[in-house]
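Chain by chain, the residues:
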Amino acid sequence: MARYAMVMDTRRCVGCHSCTVACRVHNELPLDMIYNPVVTVGPTGVFPNVRMTNLPLICMHCDNSPCVDACPTGASQQRPDGIVFVEEKKCISCKACVMACPYGARVPNHEKGTIQKCNFCMDRVDEGKLPHCVKTCHQKARIFGDMDDPTSEVYKLVNNGYPVRLLGELNTEPYVFYIVDSEVKL
Amino acid sequence: MSQKHDVWGWMLAVDFFFAGMGGGMLVIVGLLDLFVGEGRTSLLGNVLGPVFIGIGSSLLILELGRPFQALRVFVNPKAILTAGAWFMSFAITFGLVYATFGLDMFFWSSWVFARKVLAALCFITGLVVATYPGILLGRHKGRPFWHGPGIMILFLLSSLVTGFAAHSLAGFVFPPSTLTDVLGMFPKFTAGLLAFQLLLWFGYIWVKKSGGTTSESIATQRWINGDLSSSFQYGFLLFGTLAPLVLSLSSSPSLQAVGAALVLLGGALMRMLVVRGGEDRTWFPGEQKYRSRLPKGNEAFLKAWNK
Amino acid sequence: MSKNIDLQQEGIQVKKSACYFCHQNCGVLAYVKDGKVLDIEGDPDFPTNQGGLCCRGNIAMDHLDHPARVNFPLKRVGERGAGQWQEISWDQALTEIAEKLANIRDEFGAEAVATAGGTQRTDDWARRRFMNLFGSPNGFHNSHLCWIPTFMVETAIYGWCPFDLDLGSSRCLVLWGQNPGVSGMPEIHHIMELKEKGLKLIVIDPRYSETAAKADMWLPIRPGSDLALALAWLHVIIYEGLFDPEFTDEWCVGFGELAEHVADFSPEWAAPLTWLTEEQIRESAIMYASNKPGNIQWGTSIDQIGKPAGAAMHARALLRAITGNLDVPGSDLLTGPSLEYVTDEEMEANDQLPEEQKAKQIGSDKFKMVTWPGYSRIAELTKEVWGKAPTAEWMCEAHPPSVFRAILTEKPYPVKALLVSATNPINSYGETKLTLAALKAVEFMVTCEYWLTPTAMLSDYVLPIAGALERPTITSSYGCADFLLASQRAIQPMYERRNDYNFWRDLGVKLGQKEMWPWETVEDAYFAKIEPLGYGVESYDEFVENHRFHFPEREYQKYKRIGFATPSRKVELYSSTLEALGYPPLPPYIGPAENETDDPEIAAEYPFVLTTGGGHMPYHHSEHFQIKTLRFLSHEPYMSMNPAAAAKLSIEEGDWVWIETKRGRIKQKANLTQAIDPRVIFTPRGWWYPERDMRDPELGGCLESNTNILTSCDDDDCDPMSGSWANRGLLCKVYKVTAENEKEAK
């Protein structure tokens, strides 16, 4: 069984927003919806002693996912491979998941009257392809793969380095990991 | 910065208000029947309790993106919203059935044991309905203003105090069938609970402000000197809590009625403020700047592009 | 787009196409069925982007059939700028345009016809060929702002311009006013990979840019003071003995003169001019000179500083030379022109333009480096040594602001027609008010475009041009480098769109040039270019499908075999070519176009130093503003200023502010950031509002936030060598927009 995960190498990310556009275009999202914003931390400090890091946000596909717990209709589900997704026809847009997600990963689709979210492009993943945001990234700052496979790049990056989980203190157990310069405070 | 329309809005706040008040009313009705005796509250109040919960649920349905599929909320037993939906349904049912015991036209109105059982059920389900929004909000890890058990107490307290006030008002309009002695003491109960409310809110804001995480502190700033501060301080604390506290202590029934009405307004306002206070997630550094620069809310721009 | 499309279905062809939304031309695979593109993706086998696509690349499908695209030839029927058009056939359009041009030539001479070019992403030789055959020397681009002056100055010094970096084995890279973090995604990718392996990165930029954030050393230089920094680096490298004595002895002339020349240009001297510390200047010079081999990547910022530009390019070129970082492994390579395929220059028919017409080129009397006087001299030398010349398109242009003034003043002679291709000069050329006045005044204007831009709106004819996926692409640096990347069109142009090659060719045919245009389609012409490579292919498409790239075996230190393409066959630190053209043979110090020392009275009123024109995602120049998915990511213009400066002016984050120079003012929103010195203001380029009324005088709000309102094309602010105008290092003031001051006459 696979356990899909993504590693964000913020040392490589330049904040070009290509992932945001690729996702929006390929997933045919209305323009008020963004699954994967890239926010810029800083520049912090005082000119000229400054630092800047880009933080690509996305659904963390948490193991302990508050959104799935919060969903009263069972539309929000998690596959055995870890991918959290919304079964659209069951969703009534009560926004319980929107409120429950600490990462802002759940976005109302006002056209459809449902809540939607990043599902790691699971249709593509099932065909052995990479999610659109990973494919389009020039910087190779997004690395996608199977955490259950010790030969995978994500496994190595997560186990050999010191990746950070965002809001790790909330015990959501995110499966998106961030490689961050040690001086950067998130 | 808030994400308008993408988070829970005012209809949910009104739902919390009505459901909480209705739940509080059922708690009071149940307790009085069990430990004091029947007919201490106005029949109108007994009916309004479950009706308010019903109004609350309806607003909740209207807030949904797909209101016609509302029945789906009963599906996921693990979800607190599902539990809430079930308890609200039970509370409405028990409350309405209990209210029928106040009408002689029904042949079962004299079945004392059945009434006592229903009173107990009203108490239990009413208590859950009165508390559950607080539990729901308090479990939100990513909403620093809500997170933690404190909000649960504030909601229960407000449900009870609005419950007492609503019963008082119902009593003014439609006095109880048997005795008014207990109902006459409601303004005093109200005053006492308002005193708690005042104290607990000060404590809540203080603890949050100096509390565990930076994001809690930031989220609380809105209440101290941010966009929610005047509604909170003047609207809720002064006119929704302190003023009715004073009025409830007066002996004039009309002043007491004014006080009760203010309590209700205060309760509704509090729900609004709390729901808005939850718009703030634990923002990631830079995230608010990013979101503030998206076109959302720039009506002129959106109009030009969607023509 | 792709979500519901089955790309495994029968009958789908995969075309090896290219992105066409900036200069990078990243490889794109297009899935085509029955003449329709179903989807695209980045080509994983393309050497530059390796499957990646940026914001712009991802919108190809939106761009292809966008409702605002111009799809049919349009002829103006109302007043100019009124937006009333009649759809006509190509034949009618070309017949009428040809007739008009012929009449103008008869009455005023061929030189009365000019053309304005822009971001033709790959090649623009067809336009030059047309102009040469027509007899006019007055083609121009805004290439003055984009590497061309650099190319010519450097070629004067050491016989070619290092376009190719041999980064793989480099130890130090200097990005001098370049921000590949937004402008060149394949490039920043490779830089970051090499950085992980130990490459040292120095970024010189007034802003803490996306790229500066990744640097080992960031030099936040005063905008426009690059020359002082380059001179001080020369001083440090020479006087601290960090130069390459073998190379300077054997292969350079004028080292002694140079050493003497820079004796006073110490870090102490440069520090107050550049706003850097002496230590920063010294350390950075040492980092570059002692981590060899090293590179100074070409970038366009120095092309844009106006008055000191030429001298700064000269000084920067000398840095490479004295450190020996030229054409050795890991350094900046002098590839020379490709000798294996037909270069753009060979397609231009420059010999067809009579000498007396060359002499009439507007601006060539004042600015000699990128006009016929400098170009012919340099082309002669490179032909002698390399065997070929650099392309004349780009490298040999009329001076754009002077052409605009000629339209307005009829001096030195009248210019009556302007053929505009791939540019919206109102937003992309300097000093917008001058440009706009000229565009309104010119008697006859034709624009080849995708969109009804502000410029197209003022035209007499607008011709629909084939875009990405509809055109083949050769990326070869015009033949000024040795490699070549080729891509094919995914589909034939939709509607009545045509490749601009066909515009120039067919117009030429109407004007009697038929026998000079043997290639009917652009693929025919491209085949003629690549055929000598000897791959044995029958067509251009076959080359793309089976080979696609040509990377020749690299020969280092070619100068040992053929010398440098200068009169002495050496690197001329003391440049005889510049001297012969009447320019200083060694780079003198010249202050920024506007500065507090030379222009105290301007500085008194305009206290901030302005830098304009940096690229920003998701746009490219003034393009893509009508692509909704991009515009909704960045819908308003943000200028940058330091919070400390803003506080003094009571400006808060997100306030609308005026930025004003002597030439005018624009409105942008305030982005308060520590990325910039409290004395500096940055405005992004390109802004217009296609969602607004496009008719004159509103013209899509092209005057409201357009940074070129602020820039200067005054002859005195231009670089005396190349005539490139000043986008950076100008003086400005900033104040909040209020209801009252918004009403004031602009």
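Residues numbered from 1 in each chain as written. Chains lettered and ligands numbered in written order. Predicted model: local features only at pLDDT ≥ 70, side-chain atom pairs only at ≥ 80, totals over all residues.

Peer 1: Tell me about the overall build of chain A, and name the residues and values.
Peer 2: Each helix and strand in chain A was counted, giving six helices and nine strands. For a compact globule of 186 residues, the expected C-alpha radius of gyration is about 16 Å, and chain A comes in at 16 Å, within 12% of that figure. For chain A, contacts bridging at least 24 residues in sequence account for 56% of all contacts bridging at least 6. (Helix = DSSP H or I, 4+ residues; strand = E, 2+ residues; numbered from the N terminus. Rg over C-alpha atoms; globule rule 2.2 N^0.38 Å. Contact = placed C-beta atoms within 7 Å.)

Peer 1: Explain the overall build of chain C to me, and be specific about the residues and the numbers.
Peer 2: Scanning chain C from N- to C-terminus turns up 29 helices and 27 strands. Against the compact-globule benchmark of 27 Å for 746 residues, chain C has a radius of gyration of 25 Å, which places it among compact chains. In terms of overall dimensions, chain C has C-alpha extents of about 70 × 70 × 60 Å along its principal axes. Split into buried and exposed, the 746 residues of chain C put 63% on the buried side. Counted over contacts in chain C with a minimum sequence separation of 6, partners at least 24 positions apart contribute 76%. (Buried ≥ 20, exposed ≤ 12 C-beta atoms within 10 Å, placed from the backbone.)

Peer 1: Any chance you could break down the pairing of strand E17 (residues 461-464) of chain C for me, citing the residues and the numbers?
Peer 2: All names here are of chain C. Residues Tyr-461 and Leu-463 point to one face of E17 and Val-462 and Pro-464 to the other, with burial holding for every one of them. One ladder, built from four bridges, connects strand E16 (residues 444-449) with E17; its direction is parallel. When the bridges of E17 are listed, Glu-449 appears paired with Pro-464. (Pairing = 2+ DSSP bridges.)

Peer 1: An account of the interface of chain C and chain A is requested, with residue identities and associated values reported.
Peer 2: Taken together, the contact between chain C and chain A spans 38 residues of the former and 27 residues of the latter. At the level of elements, strand E3 (36-42), helix H5 (180-183), helix H6 (185-196) and helix H27 (628-631) of chain C are the ones that each hand at least two residues to the side of chain C that touches chain A. With five residues, the single largest contributor to the side of chain C that touches chain A is H6 of chain C.

Peer 1: So what about the sheet that holds strand E9 (residues 176-179) of chain A? Which residues, and what values?
Peer 2: All names here are of chain A. An order of E8-E1-E9 is seen for the three strands of this open sheet, with the pairing classed as mixed. Each end of this open sheet is capped by a strand with a single partner; those strands are strand E8 (142-146) and E9. Here the strands of the sheet are splayed against their neighbours by 20 degrees on average, with no regard to which way each runs. Alignment of strand E1 (residues 4-9) against E8, held across five bridges, turns out to be antiparallel. In the sheet register, Ala-5 faces E8, and the bridge partner there is Gly-145. In the packing of helix H6 (residues 153-160) onto the sheet, the strands contacted are E1, E8 and E9, and the crossing angle to E8 comes to about 105 degrees. (Axes fitted to C-alpha atoms, helices over the stretch in contact; angles between N-to-C directions.)

Peer 1: Tell me about the sheet that holds strand E2 (residues 27-33) of chain C, residues and numbers included.
Peer 2: All names here are of chain C. With antiparallel pairing, three strands are arranged side by side in an open sheet as E1-E2-E3. Single-partner strands in this sheet number two, and they are strand E1 (13-18) and E3. Within this sheet the neighbouring strands show an average axis-to-axis angle of 30 degrees, counted without direction. Looking at chain direction, E2 and E3 are connected through six bridges and run antiparallel. Counterpart to Leu-29 in the pairing with E3 is Glu-41.

Peer 1: Explain the nonpolar core to me, using residue names and the numbers behind them.
Peer 2: Counting residues in each nonpolar core, the largest one holds 386 residues, and the members touching the most others are Leu-231, Leu-234, Ala-321, Ile-681 and Cys-732 of chain C. Counting residues per element, this core draws most heavily on helix H1 (residues 10-35) of chain B, at 14 residues. For Ile-681 of chain C, the residues in contact, after removing those within four places along its chain, are Phe-608, Leu-610, Met-639, Met-641, Ile-659, Cys-732 and Val-734 of chain C. (Core = buried A, V, L, I, M, F, W, Y, C linked by C-beta atoms within 7 Å.)

Peer 1: An account of the packing of helix H6 (residues 181-209) of chain B against helix H8 (residues 229-249) of chain B is requested, with residue identities and associated values reported.
Peer 2: Residue and element names in this part refer to chain B. Running from N to C, H6 and H8 point in directions that differ by 145 degrees, and their axes come no closer than 8 Å. Classified by chirality, the crossing of H8 by H6 is left-handed. Along the contact surface, H6 presents Pro-187, Thr-190, Ala-191, Leu-194, Ala-195, Gln-197, Leu-198 and Trp-201, while H8 presents Leu-237, Thr-241, Leu-242, Pro-244, Leu-245, Ser-248 and Leu-249. Among the residues making up the contact of H6 with H8, the classes are represented as eleven nonpolar, four polar and no charged. (Left-handed = near helix turned anticlockwise from the far one by under 90°. Nonpolar A, V, L, I, M, F, W, Y, C, P; charged D, E, K, R; others polar.)

Peer 1: Can you lay out the domain arrangement of chain C for me, pointing to particular residues and giving the numbers?
Peer 2: Residue and element names in this part refer to chain C. Per the domain assignment, the segments of chain C are domain 1 (13-64), domain 2 (74-147 + 339-471 + 499-520), domain 3 (162-333) and domain 4 (600-743). Relative placement of domain 2 and domain 3: their C-alpha centres are 35 Å apart. Counting residues at the interface gives five residues for domain 2 and five residues for domain 3. Each residue belonging to the side of domain 2 that touches domain 3 can be placed in one class, and the counts come to four nonpolar, one polar and no charged. (Domains from an automatic or database assignment.)

Peer 1: Could you give an account of the environment of Ser-136 of chain C, naming the residues involved and the relevant values?
Peer 2: Residue and element names in this part refer to chain C. Within the fold, Ser-136 resides in the loop between helix H3 (125-134) and strand E7 (139-140). Spatially, the C-alpha atom of Ser-136 lies 6.5 Å from that of Val-113, the residues being 23 residues apart in sequence. Ignoring any residue separated from it by four or fewer positions in sequence, one finds Ser-136 in contact with Ala-110, Glu-111, Val-113, Ala-114, Met-131 and Gln-357.

Peer 1: So, helix H22 (residues 522-530) of chain C: which residues are in play, and what are the values?
Peer 2: Residue and element names in this part refer to chain C. Within H22, burial applies to Val-522, Glu-523, Ala-525, Tyr-526, Lys-529 and Ile-530. All buried residues of H22 project into a common sector of 160 degrees when viewed along the axis, lining one side. On its buried face, H22 is in contact with helix H13 (344-347), strand E18 (473-475), strand E19 (484-487), helix H21 (500-510) and helix H23 (540-546). (Arc of directions from axis to C-beta.)

Peer 1: Go over the interface of chain B and chain A, please, and point to the residues and values.
Peer 2: With 30 residues of chain B at the interface, the matching set in chain A holds 32 residues. Among the elements of the structure, helix H3 (80-100) and helix H10 (287-292) of chain B are those that each provide at least two residues to the side of chain B that touches chain A. Residue classes in the side of chain B that touches chain A are distributed as twelve nonpolar, nine polar and nine charged.

Peer 1: Can you explain H21 of chain C? Please cite residues and give values.
Peer 2: Residue and element names in this part refer to chain C. With nine of eleven residues buried, H21 lies mostly within the body of the structure. Those residues of H21 not exposed but buried are Asp-500, Tyr-501, Asn-502, Phe-503, Trp-504, Arg-505, Asp-506, Leu-507 and Gly-508. Once H21 finishes, Gly-512 follows within two positions and takes phi at roughly 85 degrees, a positive value.

Peer 1: Residues and numbers for the pairing of strand E3 (residues 49-56) of chain A, please.
Peer 2: All names here are of chain A. In terms of strand pairing, strand E2 (residues 38-46) meets E3 through seven bridges, oriented antiparallel. Bridge pairing in E3 places Val-38 opposite Pro-56. Between the antiparallel neighbours E2 and E3 lie two residues.

Peer 1: Could you give an account of unusual backbone geometry, naming the residues involved and the relevant values?
Peer 2: As a rule of thumb, non-glycine residues mostly have phi less than zero, and peptide bonds are mostly trans rather than cis. Each neighbour pair has its own omega, and for Gly-42 of chain A with Pro-43 of chain A the value is 5 degrees, a cis peptide bond. Mapped onto the elements, Pro-43 of chain A comes out in strand E2. Look at the link from Lys-411 of chain C to Pro-412 of chain C: it is a cis peptide, with omega at 5 degrees. Residue placement: Pro-412 of chain C occurs in the loop between helix H17 (400-409) and strand E15 (417-421). Positive phi outside glycine occurs at Ser-93 of chain A, with the angle close to 60 degrees.

Peer 1: So, the packing of H3 of chain B against helix H4 (residues 112-138) of chain B: which residues are in play, and what are the values?
Peer 2: Residue and element names in this part refer to chain B. Closest axis-to-axis distance for the H3/H4 pair is 8 Å, and the angle between their directions is 145 degrees. As H3 packs across H4, the resulting crossing turns out to be left-handed. For the pair H3 and H4, contact is made by Ile-80, Leu-81, Gly-84, Phe-87, Met-88, Phe-90, Ala-91, Phe-94, Gly-95, Val-97 and Tyr-98 and by Leu-118, Ala-119, Leu-121, Cys-122, Thr-125, Gly-126, Val-128, Val-129, Tyr-132, Ile-135 and Leu-136, respectively. Here the residues of the contact of H3 with H4 sort into 18 nonpolar, four polar and no charged.

Peer 1: Which residues make up the environment of Glu-246 of chain C, and what values go with them?
Peer 2: All names here are of chain C. One can find Glu-246 in helix H8 (residues 245-251). Taking the number of C-beta atoms within 10 Å as the measure of exposure, Glu-246 has 9 and is therefore exposed. Separated by 39 residues in the primary sequence, Glu-246 and Arg-207 place their C-alpha atoms 37 Å from one another.

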